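# Descriptive analysis of the structure
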Amino acid sequence: MISRGKILGIFILTGLFIGVSCLQGICGVVLKKQTYTVIPGKGSTPPTQVWIEYAQNNKVAVYQRDAVFITDIGTNTLINIVPSRKIYAINDIDAFIRKIRKIVAQIKAQQPPERKKSQGSPLKVTVKKTGKTKSFLGYPSKQVILYANNKKAKELWITDKIPLKKEIDIDKAFKKRFQIEDIFVDLSGTKDIEATDEYKNLFRGGWVSMMTITYNAGTEDIERVTQVQITKIAEKIFEVPKGFKKVSIEEFMRH
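Predicted model only: the values in this text are computed from it and were never measured.

### Topic: the confidence of the model for the chain
Mean pLDDT over the chain stands at 82; residues scoring 70 or higher make up 81%. Segment residues 1–21: pLDDT under 50, and 75 contacts once partners within four positions in sequence are set aside and those in other chains are kept.

Set out below in structure tokens:
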């Protein structure tokens, strides 16, 4: 069975579609991120995921341990790369979404009957902006708490001080991101707060969560920005390495 968490990890590339102009030439944004788990009273685990997101001139490259993803909003193009196998897939973003929907539909058709049952009542999400602020890496951030069916589910510290809106239509970019994420929410067959409009609207206009805490039974899952750089990024970061083989998105998914 394909894990939604693993798939969403793979498609974390849709987390940002941003571009920045410095006063002198093209300049980019580099965000280093990591996830880890906190067990109250027992401390935290080592980082479970570490990745880097590069953004410059309408292009984004996300470098994970096992995969690289490059998005060009200007040309509406998405490139998926597996460095260890020296393969890549390149697609128009909308065509990519259509293909992934087809793949997910095929997976769902093979699921056992119990996975196909109704999810029950809708998820009711409430958003509380507490008015509290805190600085993360020098960026003032506002606290937002989300409740799912009256239970505290997530805590976000969001900022609009990272320059994400200079060259990119952020709302259009996040619309693409959420279209992809919603496909995998449908595959998982579970309610997901991140699929709701209440959650999505927090990122309209270029807001970034410097720290997100997801509250589970007895644990807290943390996603945190650990470094921010405003710097010129080499163009090769946004290019497929020489000698890599082009494959279909279906073959890429198998890897």
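### Some points on unusual backbone geometry
Located in the positive-phi region is Leu-137, a residue other than glycine, with phi close to 55°. Examined against the element boundaries, Leu-137 turns out to sit in the loop between β9 (125–136) and β10 (139–148). Look at Leu-137 and you get partly exposed, because its relative accessible area is 47%. Although it is not a glycine, Asn-150 adopts a positive phi angle of roughly 70°. With respect to the helices, strands and loops of the structure, Asn-150 is situated in the loop between β10 and β11 (151–159).

### Details of the side chain of Glu-53
Structurally, Glu-53 is set in strand β4 (residues 49–56). When its relative accessible area of 3% is taken as the criterion, Glu-53 is described as buried. At 2.9 Å, the side chain of Glu-53 forms a polar contact with the side chain of Trp-51.

### Structural notes on a positive patch on the surface
Together, Lys-128, Lys-132, Lys-134 and Arg-224 make up a region of like positive charge exposed at the surface. Looking at the positive patch, the element that brings in the most residues is β9, giving 3 residues. With respect to the helices, strands and loops of the structure, Lys-132 is situated in strand β9.

### Focus on the nonpolar core
Core analysis: the largest hydrophobic core is formed by 20 residues, its most contacted members being Ile-93, Phe-96, Ile-97, Ile-100, Ile-183, Ile-249 and Phe-252. Elements represented by at least two residues in this core include exactly β7 (77–82), β8 (87–92), α2 (93–109), α3 (170–188) and α5 (249–254). When residues in this core are grouped by element, the largest group, 7 residues, is from α2. Leave out the neighbours within four places in its chain, and Phe-252 touches Phe-69, Asn-80, Ile-81, Val-82, Ala-89 and Val-247.

### Points about the packing of aromatic side chains
Taken as a whole, this structure holds 4 aromatic pairs when the rule is applied. Ring geometry for Tyr-54 and Tyr-63: centres 5.4 Å apart, planes at 80°, overall edge-to-face. Summarising the aromatic geometry, the rings of Phe-136 and Trp-157 are spaced 5.9 Å apart at their centres and angled 50° between planes, so their arrangement reads as tilted. On the criterion of sequence distance, the pair formed by Phe-136 in strand β9 and Trp-157 in strand β11 is long-range, its members being 21 residues apart. The pair formed by Phe-136 and Trp-157 is uniform in burial state, with each residue classed as buried. Across the ring face of Trp-157, the terminal group of Lys-134 is positioned such that the distance to the ring centre comes to 4.7 Å.

### So, the pattern of salt bridges
Taken as a whole, this structure holds 6 salt bridges when the rule is applied. Notably, a salt bridge pairs Lys-152 with Glu-155, separated by 3.9 Å at the nearest N-O pair. A relative accessible area of 36% places Lys-152 in the partly exposed class. Classification of Glu-155 as buried rests on a relative accessible area of 9%. One salt bridge in this structure joins Asp-160 and Lys-161, with 4.0 Å as the shortest N-O distance. Given a relative accessible area of 51%, Lys-161 falls into the exposed group.

Thresholds, definitions, all that
Residues numbered from 1 in each chain as written. Predicted model: local features only at pLDDT ≥ 70, side-chain atom pairs only at ≥ 80, totals over all residues. Heavy atoms only, no water. pLDDT = per-residue confidence, 0-100. Contact = heavy atoms within 4.5 Å. Helix = DSSP H or I, 4+ residues; strand = E, 2+ residues; numbered from the N terminus. Buried < 20%, exposed > 50% of the residue type's maximum accessible area, 1.4 Å probe, protein only. Polar contact = N/O pair within 3.5 Å; in protein donor to acceptor, adjacent residues only side chain to side chain. Patch = residues over 30% accessible without salt bridge, like charges linked within 9 Å, V, L, I, M, F, W, Y side chains within 5 Å. Areas by Shrake-Rupley, 256 points an atom, 1.4 Å probe, with all protein chains shown as cover. Salt bridge = Lys/Arg side-chain N within 4 Å of Asp/Glu carboxyl O. Lys, Arg positive; Asp, Glu negative; His and termini not counted. Charge placed at Lys NZ, Arg CZ, Asp CG, Glu CD. Core = buried A, V, L, I, M, F, W, Y, C linked by side-chain atoms within 4.5 Å. Phe/Tyr/Trp six-rings, centres within 6.5 Å; stacked < 30°, edge-to-face > 60°. Lys NZ or Arg CZ within 6 Å of the ring centre and 35° of its normal.

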